[in-house]
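# Structure assessment
If you want the building blocks of each chain, they are given just below.
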Amino acid sequence: MKFGTRLLIDGALVEGDHTLDVINPATGEVFATVARASRAQAEAAIAAAKKAQPAWDALGWEARSERLQALADAMAQHRDAFIDTMVAEQGKPRREAADEVDYSIAFIRNFAGLRLPHKAFGVSGGRVELRHRPLGVVAGISPWNFPLLIPAAKIAPALMAGNTMVMKPAPTTPILTLMIGELAAGILPAGVLNVITDQNDLGDLLTSHPDIAKVTFTGSTATGRRIMASAAPTLKRLTLELGGNDAAIVLDDVNIEETAERIFNAAFFNTGQACLAIKRVYVADAIYDAFSEAVARRAREAIVGPGHDPSSRFGPLQNRQQFEKAKHFIEVAHRDGRVIAGGTVVEGPGYFVRPTVVRDIDDASELVAQEQFCPVLPIIRVADGEEALSRANRSDFGLGGSVWSGDAARARALAERMQSGTVWVNQHLNFGPEVPLAGAKQSGIGVEWTELGLAEFCQVNVINQAA
């Protein structure tokens, strides 16, 4: 039996009532077949989590931390297997896959080191104690762009807070989460973590089930809205990290080559398949031509290829549906602007798209107004920073953004008025478990990471005692 092919339900690694083929996006061909859960198996996973939760909570913070640290240790011992699987399953170049594996382990260790201690204070006529209690059973639903990091960053705080969990990965990238489940089977008590897979047919069960207390989801805004509607009848707690259309504002006093390099990296990271990646760039008129060309030159020089090839800078799109979306946005780029790099797919097997840069395009284009989630970057001309800020803030999305200037104070003044959960100054995609993540507008609800994110998995409990 291959590593990471079975479901984890109530402490047992089991075959699915159905199977799920997994496609290597670099070839477009099936490279593995794994277990896929039925509705009955999903119900069993929820029941197991509910049964296990009181005892898991009773273990206390220190014992739960030890188990999570042991899980991180086991993942570190299997680091190469996780990297190899990510290259095959998600398509990332090996160095990016290695970074994600290492980050995933670091996130688990970070959460294992956090605590939410009781706080006591006196009030008139008595004493108040503030405690954080677990919610119960948490459902985690993760996407395909970071198929190890995002599940790890959901599992760790949910379990650390004393909840139990049913985790469901994206159907195109199930193996890495199943691998976590297989390791957890020998470390965590039965039922504490359950891992099931589906063909996008079990999400409604998880988000509506009366025994699920909270849903933590990362994915599109459209799916986030459906989850809210499904969770509404039982008033489930929600953490939703949704779509972004991150804007970068480039002022006229930047070092053009240095800034173009950093913006290129932040826009095309993971082949553009990152919620926090730069999706649109507003550039001051005085440097627009030179800056656009500097970004385009990097796109023309980039090597696209399979993740196992050390020369590959960018891998494929992860799945055919996203590949078709990318082809559509390439058509839009040619229609609505002037393509100065890329603008084509790579002929042959797999879902490869050349990094594409388009200039002389307007906010009215769907390429600018929507989250493209692929390697097609629009660069928009503006008069100055104020115009850029106004246009950036018109978006319904507000996950992240950045402002770039040779004068950090000048950039900071604009950044403070940018309507995004995270705003970087002279950088982008600098994140980690020690920095809170929260979306504004239609980019999400709730906070992830740090003690704030840990508290999202808890119910505030106030004991108000008379003197």
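Below: a short report on this structure. (Residues numbered from 1 in each chain as written. Predicted model: local features only at pLDDT ≥ 70, side-chain atom pairs only at ≥ 80, totals over all residues. Heavy atoms only, no water.)

### Description of the overall build of the protein
For the protein, the count of helices and strands is 15 helices and 24 strands. By the compact-globule yardstick of 23 Å for 467 residues, the protein fits well, its C-alpha radius of gyration being 23 Å. Across its three principal axes, the protein shows a C-alpha extent of roughly 65 × 60 × 40 Å. In the protein, of all internal contacts separated by at least 6 residues, the share reaching a separation of at least 24 is 73%. Across the protein, the centroid of the 46 positively charged side chains sits 4 Å from that of the 54 negatively charged ones. (Helix = DSSP H or I, 4+ residues; strand = E, 2+ residues; numbered from the N terminus. Rg over C-alpha atoms; globule rule 2.2 N^0.38 Å. Contact = heavy atoms within 4.5 Å. Lys, Arg positive; Asp, Glu negative; His and termini not counted. Charge placed at Lys NZ, Arg CZ, Asp CG, Glu CD.)

### Digging into the packing of helix α2 (residues 61-77) against helix α4 (residues 94-112)
As a packed pair, α2 and α4 sit with axes 9 Å apart at the nearest point and diverge in direction by 165°. When the interaxial angle is binned, α2 and α4 end up roughly antiparallel. Our pair here, α2 against α4, has a crossing hand that is left-handed. Touching Ser65, Leu68, Gln69, Ala72, Asp73, Met75 and Ala76 of α2 are Ser104, Ile105, Ile108, Arg109 and Ala112, all from α4. (Axes fitted to C-alpha atoms, helices over the stretch in contact; angles between N-to-C directions. Parallel < 35°, antiparallel > 145°, perpendicular 65-115°, else oblique. Left-handed = near helix turned anticlockwise from the far one by under 90°.)

### Here's the deal with the nonpolar core
Membership of the largest hydrophobic core comes to 124 residues, with the highest contact counts inside it found for Leu193 and Val281. For this core, the element with the most residues is helix α5 (residues 149-160), which contributes nine residues. Setting aside anything within four residues of it in sequence, one finds Val281 in contact with Ala248, Val250, Ile263, Phe291, Leu377, Pro378, Ile379 and Ile380. One finds Val382, Val403, Ala415 and Met418 within the second-largest nonpolar core, a separate group that totals 29 residues. (Core = buried A, V, L, I, M, F, W, Y, C linked by side-chain atoms within 4.5 Å. Buried < 20%, exposed > 50% of the residue type's maximum accessible area, 1.4 Å probe, protein only.)

### Here we look at the sheet that holds strand β12 (residues 246-250)
The strand order β14-β15-β16-β13-β12-β18-β19 describes an open sheet built from seven strands, whose pairing is mixed. Each edge of the open sheet carries a strand with a single partner, namely β14 (338-341) and β19 (422-425). Ignoring strand direction, the axes of neighbouring strands in this sheet form an average angle of 25°. The pairing of strand β13 (residues 278-284) with strand β16 (residues 376-382) spans four bridges and is classified as parallel. Looking across to β16, one finds that Val281 is bridged to Ile379. With respect to the sheet, helix α10 (residues 288-301) is in contact with β12, β13, β14, β15 (356-359) and β16, its orientation differing from that of β16 by roughly 170°. (Pairing = 2+ DSSP bridges.)

### Observations concerning the sheet that holds strand β24 (residues 458-466)
Strand order across the open sheet formed by three strands is β5-β6-β24, with antiparallel pairing between neighbours. Two strands in the sheet have a free side with no partner beyond their single neighbour: β5 (119-123) and β24. With strand direction ignored, the average angle separating the axes of adjacent strands in the sheet is 25°. As defined by bridge partners, strand β6 (residues 126-134) adjoins β24 across nine bridges and the pair is classed as antiparallel. Within β24, the residue paired with Val128 across the bridge is Asn464.

### Let's talk about α10
If you check α10, its first and last C-alpha atoms are 20 Å apart, about what 14 residues at 1.5 Å a residue would give, namely 20 Å. Among all positions of α10, only Tyr288, Phe291, Ser292, Ala294, Val295, Ala296, Arg298 and Ala299 are buried. Residues of α10 that are buried sit in contact with β12, α9 (256-268), β13, β14, β15 and β16. (Expected span 1.5 Å × (residues − 1).)

### What to know about the pattern of salt bridges
Within this structure, the stated rule accounts for 36 salt bridges. Salt-bridge contacts for Asp360 lead to Arg359; the nearest nitrogen and oxygen are separated by 3.1 Å. Asp360 sits in the partly exposed class, given a relative accessible area of 37%. In this structure Arg359 comes out as buried when scored by relative accessible area, which is 10%. Among the ionic contacts, a cluster of salt bridges with common partners joins Asp285, Asp289, Arg338, Arg359, Asp360 and Arg381. (Salt bridge = Lys/Arg side-chain N within 4 Å of Asp/Glu carboxyl O.)

### Description of the packing of aromatic side chains
Enumeration over the complete set of coordinates arrives at 11 aromatic pairs. Between Phe107 and Trp449, the ring centres sit 5.1 Å apart and the planes meet at 75°, which makes this aromatic pair edge-to-face. Of this pair, Phe107 sits in helix α4 while Trp449 is found in the loop between β23 (447-448) and α15 (450-455), placing the two residues 342 residues apart along the sequence. Take Trp449: its relative accessible area is 10%, and that puts it in the buried class. Above the face of the Trp61 ring, Arg64 is positioned so that its terminal group lies 5.1 Å from the ring centre. The side chain of Lys214 reaches across the aromatic face of Phe457, ending 5.0 Å from its centre. (Phe/Tyr/Trp six-rings, centres within 6.5 Å; stacked < 30°, edge-to-face > 60°. Lys NZ or Arg CZ within 6 Å of the ring centre and 35° of its normal.)

### Re the state of the cysteines
The final tally for this structure, using the stated rule, is zero disulfides. Cys275 forms no disulfide, and the closest cysteine sulfur to it belongs to Cys374, at a distance of 13 Å. Taking the relative accessible area as the measure of exposure, Cys275 reaches 10% and is therefore buried. (Disulfide = S-S within 2.5 Å.)

### Let's talk about unusual backbone geometry
Located in the positive-phi region is Leu235, a residue other than glycine, with phi close to 50°. In this fold, Leu235 is placed in the loop between α8 (221-231) and β11 (237-241). The exposed category is assigned to Leu235, whose relative accessible area is 64%. Despite not being glycine, Leu429 has its phi angle at roughly 70°, a positive value. Structurally, Leu429 is set in the loop between β19 and β20 (437-438). For Leu429, a relative accessible area of 16% gives the class buried.

### What to know about helix α3 (residues 79-89)
Residues of α3 that are buried: Phe82, Ile83, Thr85, Met86, Val87, Ala88 and Glu89. In this structure, the buried side of α3 is in contact with β3 (18-24), β4 (29-36), α2, α4 and α6 (175-184). Gly91 sits one or two residues past α3 and shows a positive phi near 100°.

### Here's the deal with the environment of Val339
Within the secondary structure layout, Val339 lies in strand β14. For Val339 and Pro378, which are 39 residues apart along the polypeptide, the C-alpha to C-alpha distance reads 9.0 Å.

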